Amino acid sequence: QNFSEVIECRLKPYGHVNSMLHDDSSNVLYFAGNFDQIHEQVNGGLIVDSTGKTVKDIDPSYLISTSELGDSGSIYLGGEFSDILGERRNNLAQIDSNGNLTNRFENFGLDGKVNVVKKKGDTLLIGGEFSGFTETRNYLARYNPQTGELYPNFPETDHRIQSVISDGNKGW
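Residues numbered from 1 in each chain as written. Predicted model: local features only at pLDDT ≥ 70, side-chain atom pairs only at ≥ 80, totals over all residues. Heavy atoms only, no water.

A. Local environment of the overall build of the chain. Looking only at helices and strands, the chain has one helix and 13 strands in total. Listed N to C, the secondary structure of the chain is α-β-β-β-β-β-β-β-β-β-β-β-β-β in terms of helices and strands. Relative to its full complement of 172 residues, the chain shows a buried share of 46%. Of the contacts made within the chain by residues no fewer than 6 positions apart, 32% connect residues no fewer than 24 positions apart. (Helix = DSSP H or I, 4+ residues; strand = E, 2+ residues; numbered from the N terminus. Buried < 20%, exposed > 50% of the residue type's maximum accessible area, 1.4 Å probe, protein only. Contact = heavy atoms within 4.5 Å.)

Written out as structure tokens, the structure is:
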């Protein structure tokens, strides 16, 4: 059975699904959004296997608006939430390949909604409706997930970011 059959027959979301990702290495599907239920009671984030069985309920405090696959089967989640899996994370979190919350972004203090997270090589671009990200960053930040540091001298924008695309040269 493939994922399209599982989605059509078994997974019926009640609410908005904002993002779906398939991880080929672990053969799981990630759902993120603002929903109350997908075939069972869950809240806004879910990892399922190819049979439709729940692997993990991510349980955000509110909305997950974006997701992006990271290294080693991890996933980055952005949105408008104050906690995930019962732990404090302001609008940005990372879940490892076992469905556990990582320490990354634990003290980042993002002060507004994250609309988009995109990874390309050693760069994670984060865009949204924020002005603070451990330091002043208006709406857009370029982050190195290996070192845990923001790239310096990254240009700021004057309005919220909804979407980004890589130019293939570490630029956006």
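Read on for the rest.
B. Just the sheet that holds strand 5 (residues 63-69), in detail. The three strands are arranged 5-6-9 in an open sheet whose pairing can be described as antiparallel. At either end of the open sheet lies a strand with only one pairing partner, and these are strand 5 and strand 9 (92-95). For this sheet, the mean inter-axis angle between neighbouring strands, taken without regard to orientation, is 25°. (Pairing = 2+ DSSP bridges. Axes fitted to C-alpha atoms, helices over the stretch in contact; angles between N-to-C directions.)

C. Here's a closer look at the nonpolar core. Counting 13 residues, the largest nonpolar core has Leu 92, Phe 105, Val 114, Val 117, Leu 124, Ile 126 and Tyr 143 as its most contacted members. With nine residues, the next largest nonpolar core counts Ile 75, Leu 77, Ile 84 and Ala 93 among its residues. (Core = buried A, V, L, I, M, F, W, Y, C linked by side-chain atoms within 4.5 Å.)

D. Here's a closer look at the pattern of salt bridges. The final tally for this structure, using the stated rule, is four salt bridges. Arg 89 is the salt-bridge partner of Glu 87, the closest N and O atoms lying 4.0 Å from each other. Residue Arg 89 is classed as buried on the basis of its relative accessible area, which comes to 1%. (Salt bridge = Lys/Arg side-chain N within 4 Å of Asp/Glu carboxyl O.)

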